[in-house]
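The chain contents come next:
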Amino acid sequence: MDEVRKGASRRSDISPELLAQLNAGTAPSATLSEGLAIDFATLLVAAVPDIPTDSVDVVREMAGEGITRRMDAVGELLLRHLTLDGLPTIAEHTSDTVRGWACYVIGRAPKLKLNAKLTLIRPLADDRHFGVREWAWMAIRPHLAKNVGHAVKALEPWVRDPSPNVRRFASEATRPRGVWCAHIEALKQNPELALPLLEPLQADPAKYVQDSVGNWLNDAAKSQPAWVKALCARWQQESITDATARICQRALRNVSGGK
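Quick caveat, the model's predicted, so the values are computed rather than measured.

A. Spatial organisation of the pattern of salt bridges. Following the criterion strictly, the structure yields 18 salt bridges and no others. For R234, the salt bridge identified is with E199, shortest N-O distance 2.5 Å. Residue R234 is located in helix α15 (residues 225-238), and its partner E199 is located in the loop between α13 (195-198) and α14 (207-221); the two are separated by 35 residues in the primary sequence. Connected through salt bridges with shared partners, the residues E134, R168, E172, R175 and D219 form a single ionic network.

B. View of the environment of Q21. Within the fold, Q21 resides in helix α1 (residues 16-24). Of the residues examined, Q21 reaches a relative accessible area of 38% and is grouped as partly exposed. The sequence separation of Q21 and L43 amounts to 22 residues, and the corresponding C-alpha distance is 9.5 Å. Other than its neighbours up to four places away in sequence, Q21 contacts T26 and A27.

C. Up close: the nonpolar core. Within the largest apolar cluster, 79 residues are counted, with the highest numbers of intra-cluster contacts made by L78, I121, F169 and L217. Looking at this core, the element that brings in the most residues is helix α9 (residues 130-146), giving eight residues. Setting aside chain neighbours within four positions, we find L217 in contact with L198, W227, V228, L231, C232, W235, I247 and A251.

D. Expanded view of the layout of surface pockets. Approximately 340 Å³ is the volume found for the largest pocket. What lines the largest pocket is a set of 20 residues, among which L32, G131, E134, W135 and W180 lie closest to the centre. Those elements that provide at least two residues to the lining of the largest pocket are α2 (32-37), α5 (67-82), α7 (96-108), α9 and α11 (164-172). Looking at the lining of the largest pocket residue by residue, the classes come out as 10 nonpolar, six polar and four charged. Here the second largest pocket is characterised by a volume of approximately 220 Å³.

E. Local environment of the packing of helix α3 (residues 40-47) against helix α4 (residues 53-61). One can describe the packing of α3 onto α4 by two numbers: an axis separation of 8 Å at closest approach and a directional angle of 150°. In this view, α3 runs roughly antiparallel relative to α4, as classed from their interaxial angle. Counting all contacts with α3, which are made through F40, A41, L44 and V45, the residues of α4 involved are V56, V59 and R60. Residues that form the contact of α3 with α4 fall into these classes: six nonpolar, no polar and one charged.

Definitions and limits used
- Residues numbered from 1 in each chain as written.
- Predicted model: local features only at pLDDT ≥ 70, side-chain atom pairs only at ≥ 80, totals over all residues.
- Heavy atoms only, no water.
- Salt bridge = Lys/Arg side-chain N within 4 Å of Asp/Glu carboxyl O.
- Helix = DSSP H or I, 4+ residues; strand = E, 2+ residues; numbered from the N terminus.
- Buried < 20%, exposed > 50% of the residue type's maximum accessible area, 1.4 Å probe, protein only.
- Contact = heavy atoms within 4.5 Å.
- Core = buried A, V, L, I, M, F, W, Y, C linked by side-chain atoms within 4.5 Å.
- 1 Å grid on protein atoms, 1.4 Å probe; cavity = no way out; pocket = protein on both sides within 12 Å on 5 of 7 lines; lining within 4 Å.
- Points joined across faces, edges and corners; volume = space filled by probe spheres on them.
- Nonpolar A, V, L, I, M, F, W, Y, C, P; charged D, E, K, R; others polar.
- Axes fitted to C-alpha atoms, helices over the stretch in contact; angles between N-to-C directions.
- Parallel < 35°, antiparallel > 145°, perpendicular 65-115°, else oblique.

Here's what the structure looks like:
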């Protein structure tokens, strides 16, 4: 499995042999440091040998830019080259970074409506690798932000999915502030719009989901602290469980008098 190996916490700890495997796409990364060490241009050629040289040059020239920008750029280049017909080539690749590029191919596809994007992204949202699961929600988030009401409705079945990865996607992708992504102003000012997603997760048994829901509410508390405090008070009356208590503690960690 991809996440068994402990992995290197620093780039300097990555052996030349492992770096060569990461760049060839024959080994998954086990840490963020390993993912950041990958030479995207080298990996792109290994994963898609017929990619045009000018596309590889673009990726090589972007080597000093942030990883999120580079992931998005490669997704756009691959969409042009492979089209959606070639999505399985990268969505099922050994490399988690390549599967992450597949997320951005889906996100970048201009003719796909949100429900179609969600259908395609679901296997990647439930990927075995932690990194791919992050790229999945980040690639789709801009489309969710365009119409929050539609996004919430589309994601309602996700919060009842048997997989905690899928449930967590619905929460993480709609966080009002989030990490490494643009804010969703509508949810910063009116977090109650997302209650159809949050309510079913108030006592979720998976800590992976609990952390996301707690972080969602912590985001909301930065602009609507009274609303978050009231919601947590209600939840703790309705659900006397360790899961709900943990979510609310996380949600209120930065709210004065919240505990």
